There are 2 protein chains.
Amino acid sequence: MPQFLNTADSDFEQSFAALLGAKREDSPDVDAVVAGIIADVRARGDAALVELTAKFDRMELDPAQLRITGAEVEAAIAAVSAEEREALEVAAERIRAYHARQMPEDAQWTDETGASLGWRWSAVSAAGLYVPGGLASYPSSVLMNAIPAKVAGVQRLAVTVPTPDGQINPLVLVAAKIAGVDEIYRVGGAQAVAALAYGTETIAPVDKITGPGNAFVAAAKRRVFGKVGIDMIAGPSEILVIADKDNNPDWIALDLMSQAEHDESAQSILITDDEGFGLAVAAAVDKRLETLERRAIAGPSWRDFGAVITVRDLDEAAALSNRIAPEHLELCVKDPAALSQQTVHAGAIFLGQFTPEAIGDYVGGPNHVLPTARSARFSSGLSVLDFLKRTTLSQMTPDSLRAIGPAAEILAHSESLQAHGLSVTARLDALNG
Amino acid sequence: MPQFLNTADSDFEQSFAALLGAKREDSPDVDAVVAGIIADVRARGDAALVELTAKFDRMELDPAQLRITGAEVEAAIAAVSAEEREALEVAAERIRAYHARQMPEDAQWTDETGASLGWRWSAVSAAGLYVPGGLASYPSSVLMNAIPAKVAGVQRLAVTVPTPDGQINPLVLVAAKIAGVDEIYRVGGAQAVAALAYGTETIAPVDKITGPGNAFVAAAKRRVFGKVGIDMIAGPSEILVIADKDNNPDWIALDLMSQAEHDESAQSILITDDEGFGLAVAAAVDKRLETLERRAIAGPSWRDFGAVITVRDLDEAAALSNRIAPEHLELCVKDPAALSQQTVHAGAIFLGQFTPEAIGDYVGGPNHVLPTARSARFSSGLSVLDFLKRTTLSQMTPDSLRAIGPAAEILAHSESLQAHGLSVTARLDALNG
């Protein structure tokens, strides 16, 4: 049974605060282990990678075998059905088209003093994408990480993916090929992150590392941050559906289960202005849970972290949504565009009853790497901007230095930074002398 | 004596790699202390702030005195010279005008299936700005952090600043007032960061914390990251000047000293295609160091981390610059715009001999909070984007769901995420049924 809350109840605020504050994830403290692995890879390079891969993935490799060959990728393509390959291509094309529109513009202008000002965007030179092995090895995540990097103009994009016992999902290789990945290495865990950050004989270092991973990978990303850039550290997935009574309860139930089936720690919340509709959705969830393949995951998620909240009206729903700041927000209401104007803190919004969140996971176009754990209050999903950086540009003329230099001299003096001031004074003296 | 390197020397690569890898900063390990302070502030709120302020800043306060009053700000304005106030206003106006141009645009379009796609930017609701006390309490940094937040549309901007022994730089209060800061609290250190992140009875929590600080502040920002957003953790300042022989050696020397006077760990590097010019600049530095007020800081910085590198030509200079990825880059050459096309990894570029870096610290317009320690390879200076987040939007029509839904079903199935697939199937069945 999920929690049933009602804003009309006297204890609502307390229950809602408890729901917001629920600790859904126990992060094992693997930091010491990870520090050791990173130090080992820095010290011994490929030799450490080979040893750690033998230990964790039960694979005996030569360093020369760390890289997955073009022939292996071609074999994967041959092993995948045409239907699946085409579905990946549909997804890739839509993701590419969406992210191409995100490319920011350079700017340059001349101000009233004659100074030229502006900025310029440029891509990071090399990026690394971590792809998990096993069950969480999602080809869709390869597309969602690799395509923005390539759209941004990253010249060298390396993928690392563990292949425990030699097993790899061929769709991951096909997705990498479609997305334009340049290099793929069969290595995982903290050792892969260390190799991407510091480089080994076989793997050249990158400037930015993105992609999901387990606690070891997350700890390694935190540790190499600063040496390289990283994307966010994602927590368990979340969905908030705001739905009025004019919806099919089964559709909404399936949307809630789409998140719940990811992880026992995932959270699915329904907010509705019709208590009876909320009960109907909960009943539909129970019915679907009887047969769902991943009911052993979705069931506990719904039971432990699921919630159905009844509100007086949609204004109240929007206010609660902003406090939750959900990763995914579905607006299944009569005028979703109007309601979306009020829901400002959310990673991705899906408008209307024909936009199940699963569309966004695969083929909608927007990125599915999104801020979790209320971080949509201050952060955004993955985009081309994660693979770009901005350089500011300024060029003074003698006239502009005469116009604004004196203010710089005064401020430098007030901050006791004499050389700062003198660097302006020496030029003004020459110009005015 | 700084290092003198020449790309024509056989040991250049080794010397240059050593220069790049030089560890300039010893970060004391204060993490355990900081963890305790944060836990204390979370547990006891204002009472902890009052106690810690008594201990570290030797100030006995009531909780009601934590906030600096409007009358105190007015008194500070009265205590500052008109010249200084006007200089701050010149700087603020130029910073505001530059950052206003950074505001990104929302987007919405309809794709070929009839689906509506787009994104929307929104400001973080509340931001906190840490301002150091004592010598490093720079009013220019208040402007550089606060103005982008206000341009972005942050509704509530709170400043924390320690006032050891009751002392505060009145220019900091004036800068806060000019920048539109909403609240100012006399609290510093890790306790200020904890209060901003978690809130106390007096200080409401914020969503994003920016601003420079000592090792305690940096460790606290790392610890609260995730609960709130943070800006970068900045290292010691750096400048790289690329200059040909047609420059005044004294001007270049002063530019190098502008960074060196910040910190003994700061790094100033000159690259020139004329060895004699390099020697002339080094001689000019020595002369300036005889009288510079902060020679006890600038001298060791130049001696320990300074370098003069002679190159064969400017192409070589650009290649080295990209490996250094400097925070500040001055291009004092005949055609700086052309050279700037080659120098892609840099936080801020200053073009031509009339653009000393100090202009950018105060009144140029671009932000002076910039990526250090080679992180310009993957990150950017502070901007309005640091106070905004992007929500993606998508709305399928029945036709677009018919067009792209089947690909989503196939991919969901291939990832063994049945509920994802069924959430699409249920809708397609109804549409096609």
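This one's a predicted model, so the numbers in the text were calculated from it and none came from an experiment.

The rules behind each value
- Per chain, residue numbering runs from 1 following the sequence as it is written.
- Just so you know, chain letters begin at A and ligand numbers begin at 1, following the order they were written in.
- Only residues with pLDDT of at least 70 get local features here, since the model is predicted, and only at 80 or more are side-chain atom pairs given and counted; chain-wide, interface and lining totals rely on the full set of residues.
- To obtain the side-chain values, all non-hydrogen atoms of the structure were included, while hydrogens and water were left out.
- Between two residues, a contact is recorded if the distance between any of their heavy atoms is within 4.5 Å.
- Put simply, buried area is how much 1.4 Å-probe accessible surface two parts lose in total, over both of them, once they are put together.
- For this analysis, a salt bridge means a side-chain nitrogen from Lys or Arg found within 4 Å of a carboxyl oxygen belonging to Asp or Glu.
- Identification of polar contacts relies on pairs of N or O atoms within 3.5 Å, with a donor-acceptor requirement for protein atoms, meaning one able to donate a hydrogen and the other able to accept it, and with residues adjacent in sequence counted only if both atoms are side-chain atoms.
- Under the convention adopted here, Pro, Cys and the residues Ala, Val, Leu, Ile, Met, Phe, Trp and Tyr are nonpolar, Asp, Glu, Lys and Arg are charged, and Gly plus all remaining residues are polar.
- Two strands are counted as paired when DSSP detects at least two bridges linking them.
- Secondary structure counts use DSSP, requiring at least four H or I residues in a row for a helix and at least two E residues in a row for a strand, with both numbered from the N terminus.
- For every domain, the bounds stem from an assignment made automatically or drawn from a database.
- Per-residue accessibility, obtained with a 1.4 Å probe over protein chains only, is compared with the maximum for each type, and a residue is labelled buried under 20%, exposed over 50%, and partly exposed between these values.
- Take the buried Ala, Val, Leu, Ile, Met, Phe, Trp, Tyr and Cys residues and link them wherever side-chain atoms come within 4.5 Å; each set so joined is a nonpolar core.
- UniProt positions are given in the numbering used here, feature names are shortened, and annotations may be inferred rather than shown by experiment.
- Residues forming no salt bridge and having over 30% relative accessible area are the ones grouped into patches, like charges within 9 Å of each other and nonpolar side chains (Val, Leu, Ile, Met, Phe, Trp, Tyr) within 5 Å.
- Every accessible area reported is derived by Shrake-Rupley at a probe size of 1.4 Å, with residue values counting cover from the shown protein chains alone.
- Positive charges come from Lys and Arg alone, negative charges from Asp and Glu alone, with His and the N- and C-terminal ends not counted.
- To locate a charge, take atom NZ for lysine, CZ for arginine, CG for aspartate or CD for glutamate.
- The rule is short: rings of Phe, Tyr and Trp, with Trp giving its six-membered ring, pair when the centres are within 6.5 Å, and they are stacked under 30 degrees, edge-to-face over 60, tilted in between.
- Superposing the copies works by least squares over the C-alpha atoms of residues that have pLDDT at least 70 in both of them.
- Between N-to-C directions, angles span 0 to 180 degrees; the directions come from axes that are lines fitted to C-alpha atoms, helices contributing only their stretch in contact.

**Student:** Can you walk me through the interface of chain A and chain B in this structure?
**Tutor:** Interface size is often expressed as the accessible area that is lost when the parts come together. Facing 117 residues of chain A, the contacting portion of chain B comprises 117 residues. Between chain A and chain B lies a buried interface of about 9,900 Å² when both sides are counted; carbon and sulfur atoms form 58% of it. For the salt bridge of B:Asp111 with A:Arg94, the shortest nitrogen-to-oxygen distance reads 2.6 Å. For the pair chain A and chain B, the number of links is 63 residue pairs in polar contact (both at pLDDT 80 or more). Partitioning the side of chain A that touches chain B into residue classes produces 58 nonpolar, 35 polar and 24 charged. Strand direction decides the pairing type here: strand β13 (residues 348–351) of chain A and strand β14 (residues 388–395) of chain B, joined by three bridges, are parallel. Note on β14(B): the bridge partner recorded for A:Ile349 is B:Leu393.

**Student:** Would you mind showing me how to read the domain arrangement of chain A here?
**Tutor:** Here chain A is described as being made up of domain 1 (3–25 + 235–364), domain 2 (31–230) and domain 3 (396–432). The straight-line distance from the C-alpha centre of domain 1 of chain A to that of domain 3 of chain A is 58 Å.

**Student:** Help me understand the pairing of strand β3 (residues 116–123) of chain B, please; the structure alone is not making it clear to me.
**Tutor:** Residues and elements named next belong to chain B. Judged by how many residues are buried, β3 sits mostly within the fold: eight of eight residues are covered. Of the two faces of β3, the one lined by Ser-116, Gly-118, Arg-120 and Ser-122 and the one lined by Leu-117, Trp-119, Trp-121 and Ala-123 are each fully buried. In this antiparallel pair of consecutive strands, strand β2 (residues 107–110) and β3, the connection spans five residues, and Gly-114 shows a positive phi of 95°. As paired strands, β3 and β14 are joined by eight bridges and run antiparallel to one another. Among the inter-strand pairings, Leu-117 is bridged to a residue of β14, identified as Ser-394.

**Student:** Looking at this structure, I do not really get helix α7 (residues 170–179) of chain B. What am I missing?
**Tutor:** Since the α-helix packs 3.6 residues into each turn, any two residues three or four apart lie on the same face. The buried fraction of α7(B) is high, at eight of ten residues. The complete set of buried residues in α7(B) reads B:Leu171, B:Val172, B:Leu173, B:Val174, B:Ala175, B:Ala176, B:Ile178 and B:Ala179. Packed against the buried residues of α7(B) are α16 (398–414) of chain A together with α4 (70–79), α5 (82–100), α6 (139–152) and β6 (183–185) of chain B. B:Gly180 sits one or two positions beyond α7(B) and adopts a positive phi of about 90°.

**Student:** Just checking my understanding: could you explain the nonpolar core for this structure?
**Tutor:** The nonpolar side chains of a soluble globular protein tend to be buried with one another. Counting residues in each nonpolar core, the largest one holds 138 residues, and the members touching the most others are A:Leu143, A:Ile184, A:Val363, B:Leu143, B:Ile184 and B:Val363. When sequence neighbours within four positions are dropped, the list of residues in contact with A:Ile184 reads A:Leu66, A:Arg67, A:Ile68, A:Val73, A:Val159, A:Val161, A:Leu173 and A:Ala176.

**Student:** Help me understand the UniProt feature "binding site: substrate" (unreviewed entry) in chain A in this model?
**Tutor:** Taking the UniProt record as the reference, the feature "binding site: substrate" (unreviewed entry) is found at A:Ser237, A:Gln259, A:His262, A:His328, A:Asp361, A:Glu415 and A:His420. Across 184 residues of sequence, these annotated residues are also dispersed in space, with a maximum C-alpha separation of 55.5 Å. Residue placement: A:Asp361 occurs in helix α15 (residues 357–362). Relative accessible area serves as the criterion here: at 7%, A:Asp361 is assigned to the buried category. For A:His420, the position within the fold is in helix α17 (residues 418–432). Among all residues touching A:His420, those that are not within four sequence positions of it are A:Ala412, B:Ser258, B:Glu261, B:His262, B:Glu357, B:Ala358, B:Asp361 and B:Tyr362.

**Student:** What should I look at first to understand the environment of B:Pro398 in this one?
**Tutor:** Along the chain, B:Pro398 falls in helix α16 (residues 398–414). For B:Pro398 and B:Arg427, which are 29 residues apart along the polypeptide, the C-alpha to C-alpha distance reads 8.8 Å. Excluding anything up to four places from it in sequence, B:Pro398 contacts A:Phe354 and B:Leu431.

**Student:** Could you clarify how one ought to interpret the side chain of A:Asp207 in this entry?
**Tutor:** Along the polypeptide, A:Asp207 turns up in the loop between α8 (189–198) and β7 (208–210). A:Asp207 sits in the buried class, given a relative accessible area of 11%. A distance of 2.6 Å separates a polar atom in the side chain of A:Asp207 from a polar atom in the side chain of B:Arg377. Ignoring sequence-local partners within four residues, the contact set of A:Asp207 consists of A:Val124, A:Ser125, A:Ala126, A:Val228, A:Gly229, B:Arg377 and B:Phe378.

**Student:** Where do I start with a negative patch on the surface in this structure?
**Tutor:** Residues A:Glu105, A:Asp106, B:Glu105 and B:Asp106 make up a contiguous surface patch of negative charge. Relative to the helices and strands, B:Glu105 resides in the loop between α5 and β2.

**Student:** Is there a simple way to explain the packing of aromatic side chains in this structure?
**Tutor:** Using the criterion set out here, one finds ten aromatic pairs over all chains in the structure. The interplanar angle of 20° and the centroid separation of 5.4 Å between the aromatic rings of B:Phe12 and B:Phe16 together place this pair among those described as stacked. Of the two residues, B:Phe12 and B:Phe16 are both situated in helix α1 (residues 12–21); the distance of four residues between them amounts to about one turn of the helix. Given a relative accessible area of 6%, B:Phe12 falls into the buried group. Between the aromatic rings of B:Trp109 and B:Trp119, the centroid separation amounts to 5.8 Å while the plane-to-plane angle is 80°, which identifies the pairing as edge-to-face. A residue pair is termed long-range when its members are at least 10 positions apart, and B:Trp109 in strand β2 and B:Trp119 in strand β3 qualify at ten residues. Grouping aromatic residues by their ring pairs yields a cluster made of A:Tyr98, B:Trp109 and B:Trp119.

**Student:** Would you explain the pattern of salt bridges in this entry?
**Tutor:** Note on pairing: side chains with opposite charge can pair once their charged atoms come close. Residue and element names in this part refer to chain A. Applying the stated criterion across every chain yields a total of 40 salt bridges over all chains. Between Arg-186 and Glu-72 there is a salt bridge; the shortest N-O distance is 2.7 Å. Of this pair, Arg-186 sits in the loop between β6 (183–185) and α8 while Glu-72 sits in helix α4 (residues 70–79), and the two are 114 residues apart along the sequence. Residues joined by salt bridges that share partners form a network here, namely Asp-40, Arg-44 and Glu-51.

**Student:** Looking at this model, I keep getting lost on the UniProt feature "active site" (unreviewed entry) in chain A. Mind explaining?
**Tutor:** All names here are of chain A. Those places that UniProt annotates as "active site" (unreviewed entry) correspond, in this numbering, to Glu-327 and His-328. By the element assignment, Glu-327 lies in the loop between α13 (314–324) and β12 (328–332). Not counting the four nearest positions on each side in its chain, Glu-327 is found in contact with Pro-236, Ser-237, Glu-238, Gly-347, Ala-348, His-368, Leu-370, Pro-371 and Thr-372. For His-328, the position within the fold is in strand β12.

**Student:** Looking at this structure, I do not really get the relation of the copies chain A and chain B. What am I missing?
**Tutor:** The relation between the two copies of this chain is a rotation about an axis and a shift parallel to it. Its rotation angle being 180°, the transformation that places chain A on chain B also includes 0.0 Å of axial translation and leaves an RMSD of 0.0 Å. Within this description, the copies of the chain are treated as partners about a two-fold rotation axis. Closest approach to the rotation axis within chain A is made by the C-alpha atom of A:Pro104, at a distance of 4.1 Å. Residue by residue, 100% of the interface of chain A is reproduced at the interface of chain B, so both copies engage with the same surface.

**Student:** Would you explain the side chain of B:Lys208 in this entry?
**Tutor:** Residue and element names in this part refer to chain B. Take Lys-208: it is sitting in strand β7 (residues 208–210). Separated by 3.0 Å, the side chain of Lys-208 and the backbone oxygen of Asp-386 make a polar contact. Beyond its immediate sequence surroundings of up to four residues, Lys-208 is in contact with Val-124, Ala-126, Ala-127, Gly-128, Val-228, Gly-229, Ile-230, Asp-231, Asp-386 and Phe-387.

**Student:** Would you mind showing me how to read the sheet that holds strand β11 (residues 307–310) of chain B here?
**Tutor:** Across a sheet, paired strands are connected by hydrogen bonds in the backbone, their directions being either parallel or antiparallel. The strand order β2(A)-β3(A)-β14(A)-β13(B)-β12(B)-β9(B)-β10(B)-β11(B)-β1(B) describes an open sheet built from nine strands, whose pairing is mixed. This sheet does not close on itself; its edge strands, each paired only once, are β2 (107–110) of chain A together with β1 (3–6) of chain B. Each neighbouring strand pair of the sheet contributes to a mean axis angle of 15°, computed without reference to strand direction. Alignment of β2(A) against strand β3 (residues 116–123) of chain A, held across four bridges, turns out to be antiparallel. Directly across from A:Thr110, in β3(A), lies its bridge partner A:Ser116. Seen against the sheet, α1(B) touches β1, β10 (267–272) and β11 of chain B and runs at an angle of roughly 135° to β1(B). Sitting on the sheet, helix α13 (residues 314–324) of chain B is in contact with β9 (238–243), β10, β11 and β12 (328–332) of chain B, with an inclination near 170° to β9(B).

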